[in-house]
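# Examination of the molecular architecture
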Amino acid sequence: MMRVPSITFRLTLFFAIASTAVLLVIGYVFIVAVESHFLELDRDELNGKLALVRNALAKAHTQGELDAIPQLFDEALVGHRNLSITVFAPDGRILFASSDDAFPGAALKIPLTERRTEQSTLAKWEIGGHEYRDIVADVATGIAGIPPATVAIAINIDHQRIFIAALRDRLSLAIMFGVTTMAALGWVAARRGLSPVYRLAAITQRITATRMDDRLPLDSVPVELREVARAFNAMLDRLEESFRRLSDFSSDLAHEMRTPISNLMTQAGVALSRSRTSDEYREILYSGLEEYERLARMIADMLFLAKTDDGTLLPRHDAVDLAEETKEVFDFYTALADERGIELELVGQGTILGEALMIRRAISNLLSNAIRFTRPGGLVRVRISQAESGEVQLVVENPGPEISATQLPRLFDRFYRADQSRQKDSDGAGLGLAITKSIVEAHQGTIGATSSPTTTRFEITFPAAA
């Protein structure tokens, strides 16, 4: 498998490439600027000497004065060994050539017809391993009636070429050193910039089921990673809460299953303690059957909740008439309500999209809970209403003991009972309200509870049946 480069390596490589490009551009611009500077210096010097020659030839009004000009030019070239001046007569005859033995000969090897004659443009050429720039122009003399002379002024630029070559070498070394230094600094910057990520990895490695209290400090995290750190801390909060609930759930489950299993073991021990009649054995088996039924209901409820947790419990989208489903549940609990002298009342109607059996089970759990905690002669009322937005609300309310504000948020927890004194008398395992909440949430609804000294209310809100 091909190894994926690290982020540090990628950032360092990108930083090195970017630095190389920038330094190369800077070096190129610098070299061009130096060459342009030398060109301007040569242009100024050549134009200056051309102006000197033009002024001298313009003052020559006789042939004698024209013949005396070479001495003037020799004096003007003192100290300028890299300059050469050659003056050609109209017939091509050389009127004057610099006294430098090597330079004039080299300059004259280029025919005048091949040279640039624009004053603003300098010609560059090479002879015998030497480079030159020159300017060629026609200059009129002060003698009337004769054609203008041709003046060629050249300058040796070998020293410029040597300087530019040495400058390129030094710039190359400086760029290599700069790229290496910038790459090293980029690696350090990348490592320091990614330190929150490494701390995040270190915290992740320390997290276990029994140690989940570590959090990434947001104050020390860069702005770019703050949302990641915040999401990571939120994930740890959710995991810690989930593990806590799972631990509580496991403890509650073990506690709830311990009672029926202990009863079964006790009954089996009593049955085996001595010989008994068939009727006595039958009675013991019936008693054990009740405990088995209780365990079976608990296991079935746990499997149902497990499906809701996994998201595999997906209800159908059928039209469900809440009033009709509530009447069906009323028919099932009528005998129990009459036995306790409790009246059942249904008000309103509404239709939602969902699965009728699941909705009926949720209503049944709420109604069973309401009947259990209602005193004889009380009224259990179910109210159904539909808002203009299409949302449907189902409310189950009954008179009964007030539930404290600290207990209300936990009513829908698994195995939780607000009235612990009634735990032994109840046939349930404390899963009814948890199942109801799972059913409501599977239908994209919400459920809540309120309690006062006189009334306890459970409110379910279903979304509009779009």
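Residues numbered from 1 in each chain as written. Predicted model: local features only at pLDDT ≥ 70, side-chain atom pairs only at ≥ 80, totals over all residues. Heavy atoms only, no water.

From N to C terminus, the protein includes 11 helices and 12 strands. Within the protein, buried positions represent 36% of all 466 residues. Considering only intrachain contacts with a sequence separation of at least 6, the fraction spanning at least 24 residues in the protein is 66%. For the protein, the exposed area adds up to about 27800 Å²; of that, 58% sits on carbon and sulfur atoms. (Helix = DSSP H or I, 4+ residues; strand = E, 2+ residues; numbered from the N terminus. Buried < 20%, exposed > 50% of the residue type's maximum accessible area, 1.4 Å probe, protein only. Contact = heavy atoms within 4.5 Å. Areas by Shrake-Rupley, 256 points an atom, 1.4 Å probe, with all protein chains shown as cover.)

Bringing the packing of helix H10 (residues 356-372) against helix H11 (residues 432-442) into the picture now. Packed helices, taken two at a time, are described by their axes: the angle between them and the distance between them. One can describe the packing of H10 onto H11 by two numbers: an axis separation of 9 Å at closest approach and a directional angle of 145°. In this structure, H10 meets H11 at a crossing whose hand is left-handed. Taken together, the residues of H11 that come into contact with H10 (itself represented by Met 358, Ile 359, Arg 361, Ala 362, Asn 365 and Leu 366) are Gly 432, Leu 433, Ile 435, Thr 436, Ile 439 and Ala 442. Per-class residue counts for the contact of H10 with H11 are eight nonpolar, three polar and one charged. (Axes fitted to C-alpha atoms, helices over the stretch in contact; angles between N-to-C directions. Left-handed = near helix turned anticlockwise from the far one by under 90°. Nonpolar A, V, L, I, M, F, W, Y, C, P; charged D, E, K, R; others polar.)

The next thing to look at is the packing of aromatic side chains. Counted by the stated rule, this structure contains three aromatic pairs. For the pair Phe 38 and Phe 163, a centre-to-centre distance of 5.7 Å together with 80° between the ring planes defines the contact as edge-to-face. Placement of Phe 38 in helix H1 (residues 7-58) and of Phe 163 in helix H5 (residues 158-193) is noted, with a sequence separation of 125 residues between them. Residue Phe 38 is classed as buried on the basis of its relative accessible area, which comes to 16%. (Phe/Tyr/Trp six-rings, centres within 6.5 Å; stacked < 30°, edge-to-face > 60°.)

Moving on, we get to the side chain of Ser 364. Looking at where Ser 364 falls in the secondary structure, it is placed in helix H10. In this structure the side chain of Ser 364 is engaged in a polar contact, spanning 3.0 Å, whose partner is the side chain of Tyr 333. (Polar contact = N/O pair within 3.5 Å; in protein donor to acceptor, adjacent residues only side chain to side chain.)

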